[in-house]
Amino acid sequence: MKILVLEHSSLLALLESCKSLKQALQIHGQIVHSGLNHHISSSQLISFFALSGCKNGLFHSQILFSQIDNPNIFIWNTLMRGYSRSDSPQEALVLYTSMLSKGIESPNNFYLSICS
């Protein structure tokens with residue numbers, strides 16, 4: 001069995017053209033396998049997984065999120081948006097409360113209207 005190892009830019013291009021959760025999981029596996037997980041922004045993976053509309057996608061985005069020491073506001077907002085569109089929208093409010101307790105700036109008013 002021949003294993004194809006892709007470069008950083010190729011993996012990013014594949015991720016941007018991803019059409020399914022299965023494809024994104026394969027790309028994520030390749031990123032981890034090639035050791036590029038510290039060089040490729042987790043925000044793109046979290047965004048794809050969280051907004052995929054699939055419960056498993058949201059689960060994977062939460063795992064990635066929990067591995068980030070200091071997630072930025074974009075990552076917090078993306079995960080909250082994913083939860084607000086899911087079967088567990090209350091999790092968006094839990095994340096929002098957690099974000100505020102960590103001293104992260106509050107999302108814009110538009111997002112808050114989604115949560116309420």
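Here the structure is a predicted model, which is why all the values come from computation and not from measurement.

I would appreciate a short explanation of the overall build of the protein chain in the present structure.
The secondary structure content of the protein chain amounts to seven helices and zero strands. For the protein chain, the N- to C-terminal ordering of α and β elements is α-α-α-α-α-α-α. Counting every position in the protein chain, which comprises 116 residues, the buried fraction comes to 34%. For the protein chain, long-range pairs separated by at least 24 residues make up 50% of all intrachain contacts whose partners lie at least 6 apart in sequence.

Sorry, what's going on with the nonpolar core here?
Across soluble globular proteins, you tend to see nonpolar side chains buried next to one another. With 23 residues, the main nonpolar core has F65, L79, M80 and L95 as its most contacted residues. Residue assignment for this core shows that the elements contributing at least two residues are α2 (21-33), α3 (42-50), α4 (55-66), α5 (73-84) and α6 (90-101). With five residues, the single largest contributor to this core is α5. Here L95 is in contact with F65, W76, L79, M80 and Y83, once residues within four sequence places are set aside.

Sorry, what's going on with the packing of α3 against α4 here?
Running from N to C, α3 and α4 cross one another at 155°; their axes reach a closest spacing of 7 Å. Taken together, the axes of α3 and α4 are roughly antiparallel relative to one another. At the point where α3 passes α4, the crossing takes the left-handed sense. Contact residues: L45, I46, F49 and A50 in α3; G57, L58, H60, S61, L64 and F65 in α4. Grouping the constituent residues of the contact of α3 with α4 by class yields seven nonpolar, three polar and no charged.

In this structure, what is going on with the packing of aromatic side chains? I would like to understand it.
Both the distance between ring centres and the angle between the ring planes are used here to describe each pair of aromatic rings. In total, this model carries two aromatic pairs according to the counting rule given. Judged by centre distance (4.8 Å) and plane angle (80°), the rings of F65 and W76 are edge-to-face. Here the residue F65 occupies a position in helix α4, and W76 occupies one in helix α5, the gap between them amounting to 11 residues. Grouping residues by exposure puts F65 and W76 together as buried.

What is the right way to look at the packing of α2 against α3 in this model?
Any two packed helices are characterised by the angle at which their axes cross and by the distance between the axes. At a minimum axis distance of 10 Å, the contact between α2 and α3 shows a crossing angle of 160°. Considering their axes alone, α2 and α3 lie roughly antiparallel with respect to each other. In the packing of α2 onto α3, the handedness of the crossing is left-handed. The residues of α3 that touch α2, namely those facing L21, A24, L25, H28 and I31, are L45, F48 and F49.

Is there a simple way to explain α2 in this structure?
Note that an α-helix has 3.6 residues per turn; residues three or four places apart therefore point the same way. The end-to-end C-alpha distance of α2, which contains 13 residues, comes to 18 Å, matching closely the 18 Å that a straight helix rising 1.5 Å per residue would cover. Buried residues of α2: L21, A24, I27, Q30 and I31, and no others.

Any chance you could explain the environment of L79 here in plain terms?
Considering the arrangement of structural elements, one finds L79 in helix α5. Residue class for L79 comes out buried when judged on its relative accessible area of 0%. Along the chain, L79 and Y96 lie 17 residues apart, while their C-alpha atoms are 9.8 Å from each other. Once residues within four sequence positions are removed from consideration, L79 is found in contact with A50, L58, S61, Q62, F65 and L95.

Cut-off values and rules
- Residues numbered from 1 in each chain as written.
- Predicted model: local features only at pLDDT ≥ 70, side-chain atom pairs only at ≥ 80, totals over all residues.
- Heavy atoms only, no water.
- Helix = DSSP H or I, 4+ residues; strand = E, 2+ residues; numbered from the N terminus.
- Buried < 20%, exposed > 50% of the residue type's maximum accessible area, 1.4 Å probe, protein only.
- Contact = heavy atoms within 4.5 Å.
- Core = buried A, V, L, I, M, F, W, Y, C linked by side-chain atoms within 4.5 Å.
- Axes fitted to C-alpha atoms, helices over the stretch in contact; angles between N-to-C directions.
- Parallel < 35°, antiparallel > 145°, perpendicular 65-115°, else oblique.
- Left-handed = near helix turned anticlockwise from the far one by under 90°.
- Nonpolar A, V, L, I, M, F, W, Y, C, P; charged D, E, K, R; others polar.
- Phe/Tyr/Trp six-rings, centres within 6.5 Å; stacked < 30°, edge-to-face > 60°.
- Expected span 1.5 Å × (residues − 1).

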